[in-house]
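Breakdown of the fold
Listed below, chain by chain, are the residues.
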Amino acid sequence: MSISSCIAIRADVDIISARQRGRDLGAELGFAKTELALIATAISELARNILTYAGQGEIEIAVQEADGRRGLLIVARDRGPGIADIALALQDGYSTSRSLGIGLPGVRRLMDEFEVTSEPGSGTVVRAVKWH
Amino acid sequence: MSIPILKHGATLIVSLQAEPTDAEFVELQTDLTRRVTGTHAKGVIIDVTALDVLDSFATRTLREIAQTVTLCGARAAIVGVQPEVAFAMAQLGLSLEGTLTALDLEDGLALLHATFPAALVR
Amino acid sequence: MSVNGRGSLAPKLTGAEQQSLREFWDVYEPRFASIGAEIAEDAADHPELGSFVGAGNGEDVADNRERIAQAIRGGDWQDYLSRMMDTGSRYAEAGLSFSAWFATGRALRSKLVPLLTDELSGEPQRLAQAIRGVSIYIDLMMLAIGDSFIDAKERIITEQQDVLRGLSTPVLELRNGLLLVPLIGFIDSERALLLTGNLLEAIAARRAKAIVLDITGVPAVDSAVANHLMQTVQATQLMGAHTLISGLSPENAQTLVRLGLDLGRLNTVGTLADGVVAATSILKDAEARTAQYEDVLGQP
């Protein structure tokens, strides 16, 4: 069983590779069908954001262990323009109606742990964990 | 690889199999529009039973396909959204509002027929 | 002295601590069986412990003694501690209270200290060590039992909560294709999610086309609840089903209107009965559609 993967996101086909990897690793961890769908969708949206805002980046998918629990760690990184106002971006409804992705609030709803680090000009890192 | 479009009377049926890439979705949009106008089809059914994920792009594209098809004088229905996919979509606030939906192909055909009887007349 | 977190059963003992344990065990080991029997006898009168602390047959006693020897003399605590953890789980599953199992540790201590004092009365150095050893031993034992006792209790509570949740969001099939979901109690986001998930599965399993979500029994319907319900309605639509919300009280309706919510997407009907009538009508339409379509198919 592989512990972690890093998928380069440069084109739309990579979105599928990333979410497939997430689904596979999630299945190995024993997540239920419903949770696998959530994981795959969250990864899809994060990958999409990378393509849309930064043009390219990477998604790391790994097994996370803590307190005897195991979970799926997803880290989406890019060197794009960064998010100027993270608080605004995390506001529910901020980008749900925009045509570009469903935004971070949606992904946050799907995952157990979620944090965004971003500086305008130095890219964005989104770190999310779903515990089994 | 383009997605196969089958003809069933005056209805076009698309059964999405593996996860379509964004490009394949866009290609489908173009193909369907062309086929609808070209064959005077009155109904379009897109079967997503085999899809494990319907993300924002897929959802938006499906809605757009339905809208385009309607503009071309036909009606579209999306069928086969799986429970866990619907669940994920609900949590993300993704919806196919404004688009006809049905549980499966059979229901979809019945729905189209009722909505637009011309859809199944040869 | 420290015991690692869950997963590792190897306590970190200093040399002095190990020596203390050995001193204590040297005195305790030959009397292990008899002390065990004494404790069992005393416990027989305890309201909770009576059925638990049996003297055990000869084999069990020998096994236990061997495990402790393996730990104290051999440095391998694995078997002993995992046995203690089993005990903790068993106590929790049997509904034993905290004070009851804690009493077992106290009982042991009350037997061992006088024993050691008698045996080592002429050797204060060794007595001090041995008494320290008792402390360490009982602490390790209680920690292992206690840890898994708590884990098991928490697991049991979670299981009970799951059962409660399952009971609290029933999905009933009124007739073929018509589902009724009577909601009772407060709806928080967790419950709303559970409800949505169950409902979607039910739609697939029973090929349901019409759903009545009755909220007569939901005391507080604020904008959060309304949003949850709207989300549920939307999700069911994705699967080709229509969901009607019945039982929204006039007061709650007023509140929601005042909050400026667009209730158009809530698909409300009046009472539960109204909901069932409307849902049945939806179903009949769907059935008529299918029949019509099948007729057309049948035509040459």
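The structure this text deals with has already been given above.
In what follows, the accompanying structure is described. (Residues numbered from 1 in each chain as written. Chains lettered and ligands numbered in written order. Predicted model: local features only at pLDDT ≥ 70, side-chain atom pairs only at ≥ 80, totals over all residues.)

Here we look at the overall build of chain B
Going by this rule: Put simply, DSSP marks the helices as runs of H or I at least four residues long and the strands as runs of E at least two long, and each gets a number from the N terminus on. A residue is called partly exposed when the number of other C-beta atoms within 10 Å of its own lies between 12 and 20, exposed at 12 or fewer, and buried at 20 or more, with C-beta atoms placed from the backbone. Residue pairs are scored as contacts if the distance between their C-beta atoms, which are placed from the backbone, is within 7 Å.
A count of helices and strands for chain B gives four helices and five strands. In chain B, which comprises 122 residues, the share counted as buried stands at 52%. Long-range pairs, those at least 24 residues apart, make up 76% of the contacts in chain B with a sequence separation of at least 6.

Brief notes about the sheet that holds strand β1 (residues 5-8) of chain B
In any sheet, the strands associate via hydrogen bonds between backbone groups, in a parallel or an antiparallel arrangement. Residues and elements named next belong to chain B. Where we set the bar: Here, a strand pair is defined by DSSP locating no fewer than two bridges between the strands. The convention used is that axes are lines fitted to C-alpha atoms, helices contributing only their stretch in contact, and that angles between N-to-C directions extend from 0 to 180 degrees.
One open sheet accounts for five strands, arranged β1-β2-β3-β4-β5; its pairing is mixed. The two strands at the open ends of the sheet, each matched to only one other strand, are β1 and β5 (100-102). Within the sheet, the average angular offset between the axes of one strand and its neighbour, ignoring direction, is 25°. Across four bridges, the pairing between β1 and strand β2 (residues 11-15) is antiparallel. By the bridge assignment, leucine 6 is partnered in β2 with isoleucine 13. Where helix α1 (residues 22-39) meets the sheet, its contacts fall on β1, β2 and β3 (43-47), and the angle it forms with β2 comes to roughly 160°.

Things to note about the interface of chain B and chain A
How we decide: Under the scheme applied here, ten amino acids are nonpolar (Ala, Val, Leu, Ile, Met, Phe, Trp, Tyr, Cys and Pro), four are charged (Asp, Glu, Lys and Arg), and all others, including Gly, are polar.
On the side of chain A, 21 residues touch chain B, which itself brings 18 residues to the contact. Every element with two or more residues in the side of chain B that touches chain A is listed here: α1, α2 (56-71) and α3 (83-92) of chain B. For the side of chain B that touches chain A, a count of residues per class yields eight nonpolar, four polar and six charged.

Examining the packing of helix α2 (residues 33-54) of chain A against helix α4 (residues 103-110) of chain A
All names here are of chain A. Rules: If an angle is under 35 degrees, it is roughly parallel; if it is over 145, roughly antiparallel; if it lies from 65 to 115, roughly perpendicular; otherwise it is oblique. If you view the pair so one helix is near and one far, a crossing is left-handed when the near helix is turned anticlockwise from the far one by less than a right angle, and right-handed when it is turned clockwise.
Look at α2 against α4: their axes get within 9 Å of each other, and the N-to-C directions meet at 155°. In terms of orientation, α2 lies roughly antiparallel with respect to α4. As α2 runs across α4, the sense of the crossing is left-handed. Listed contacts from α4 to Leu38, Thr41, Ala42, Glu45 and Leu46 of α2 are Gly106, Val107 and Leu110. The class makeup of the residues in the contact of α2 with α4 is five nonpolar, two polar and one charged.

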